[in-house]
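Okay, here's what each chain looks like letter by letter:
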Amino acid sequence: VQLQASGGGLVQAGGSVRLSCAASGRTFTNYAMGWFRQAPGKEREFVAAIRWADGITYYGDSVKGRFTISRDNAVNTVYLQMNSLKPEDTAVYYCAARTNGVVWSWKLKEEINYDQWGQGTQVTVSS
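A brief report on the enclosed structure follows. From a predicted model like this one, the values you see are computed outputs, not experimental measurements.

**Remarks on the overall build of the protein chain**
Then comes step 1: The helix and strand inventory of the protein chain stands at 0 helices and 11 strands.
Then comes step 2: What you see in the protein chain, going N to C, is helices and strands ordered as β-β-β-β-β-β-β-β-β-β-β.
Then comes step 3: Taken over the C-alpha trace, the protein chain has a radius of gyration of 14 Å; the compact-globule value for 127 residues is 14 Å, and the two agree within 12%.
Then comes step 4: Along the three orthogonal principal directions, the C-alpha set of the protein chain runs to about 40 × 25 × 25 Å.
Then comes step 5: Relative to its full complement of 127 residues, the protein chain shows a buried share of 45%.
Then comes step 6: Relative to all contacts within the protein chain whose residues are 6 or more apart in sequence, the contacts with residues 24 or more apart total 56%.
Then comes step 7: If you sum the accessible surface of the protein chain, you get close to 6,300 Å²; carbon and sulfur atoms cover 50% of it.

**Considerations on the pairing of strand β7 (residues 67-72)**
Then comes step 1: Relative to strand β8 (residues 77-82), β7 runs antiparallel, the two sharing 6 bridges. The partner of Phe67 across the bridge, within β8, is Met82.
Then comes step 2: Once β7 ends, the chain turns through 4 residues before running back antiparallel as β8, passing Asn76 with a positive phi of about 50°.

**Some remarks on the sheet that holds β7**
Then comes step 1: Spatially, the 4 strands line up as an open sheet ordered β1-β3-β8-β7, and their pairing is antiparallel. In this open sheet, the two strands that pair with only one neighbour each are β1 (2-6) and β7. This sheet shows a mean twist of 15° between the axes of neighbouring strands, independent of strand direction.
Then comes step 2: Relative to strand β3 (residues 17-24), β1 is paired through 5 bridges, and the arrangement is antiparallel. Residue Gln4 lies in a different strand from β3, and its bridge partner there is Ala22.

**Regarding the packing of aromatic side chains**
Geometrically, a pair of aromatic rings is defined through the distance of the ring centres and the angle of the planes.
Then comes step 1: Within this structure, the stated rule accounts for 4 aromatic pairs.
Then comes step 2: Here the aromatic rings of Phe36 and Phe46 are separated by 5.6 Å at their centres, their planes lie at 70°, and the arrangement is edge-to-face. Within this pair, whereas Phe36 is found in strand β4 (residues 32-38), its partner Phe46 is found in strand β5 (residues 45-51), the two being separated by 10 residues in sequence.
Then comes step 3: Its relative accessible area of 1% is what places Phe36 among the buried residues.
Then comes step 4: Relative to Tyr114, the ring of Phe36 lies with its centre 5.3 Å away and its plane at 80°, an arrangement referred to as edge-to-face. Of the two residues, Phe36 is situated in strand β4 and Tyr114 in the loop between β9 (91-98) and β10 (116-117); the sequence distance between them amounts to 78 residues. Both residues of the pair, Phe36 and Tyr114, belong to the buried class.

**Considerations on the nonpolar core**
Then comes step 1: Counting residues in hydrophobic clusters, the biggest one holds 29 residues, and the most contacted among them are Trp35, Leu80, Met82 and Tyr93.
Then comes step 2: Those elements that provide at least two residues to this core are β1, β3, β4, β5, β7, β8, β9 and β11 (121-126).
Then comes step 3: Look past the residues within four positions of Tyr93 in its chain and what remains in contact with it is Leu19, Trp35, Phe36, Arg37, Val47, Phe67, Leu80, Met82, Gln119, Gly120, Thr121 and Val123.
Then comes step 4: One finds Tyr31, Ala32, Phe46 and Leu108 within the second-largest nonpolar core, a separate group that totals 10 residues.

What counts as what
Residues numbered from 1 in each chain as written. Predicted model: local features only at pLDDT ≥ 70, side-chain atom pairs only at ≥ 80, totals over all residues. Heavy atoms only, no water. Helix = DSSP H or I, 4+ residues; strand = E, 2+ residues; numbered from the N terminus. Rg over C-alpha atoms; globule rule 2.2 N^0.38 Å. Buried < 20%, exposed > 50% of the residue type's maximum accessible area, 1.4 Å probe, protein only. Contact = heavy atoms within 4.5 Å. Areas by Shrake-Rupley, 256 points an atom, 1.4 Å probe, with all protein chains shown as cover. Pairing = 2+ DSSP bridges. Axes fitted to C-alpha atoms, helices over the stretch in contact; angles between N-to-C directions. Phe/Tyr/Trp six-rings, centres within 6.5 Å; stacked < 30°, edge-to-face > 60°. Core = buried A, V, L, I, M, F, W, Y, C linked by side-chain atoms within 4.5 Å.

Rendered as structure tokens:
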């Protein structure tokens, strides 16, 4: 599976951005897809994940109520709608896919449980 992320950019605080991640290749093996982010000088942080088959979603505490992850099975794409953006949301955002089988849902918050990664896309939120 290959992942192509897009949609980042510069936005003012309080604004919105939608990220996309298109999957290609053996997409029928997808179990889940997720978004992580990494700010300068910080560790990579879990943002959101979605199980491909049933659409069940999971969110990091810092984005609950502001971000929404969704998927379009027809075009093998996952989206991250980010609303009410804050300067602390500034980071490089990475999409990831787990294609190597089922895992406990809580493990989808751990980057080690994803085996495919896309290139990052920068999101900068100005105050």
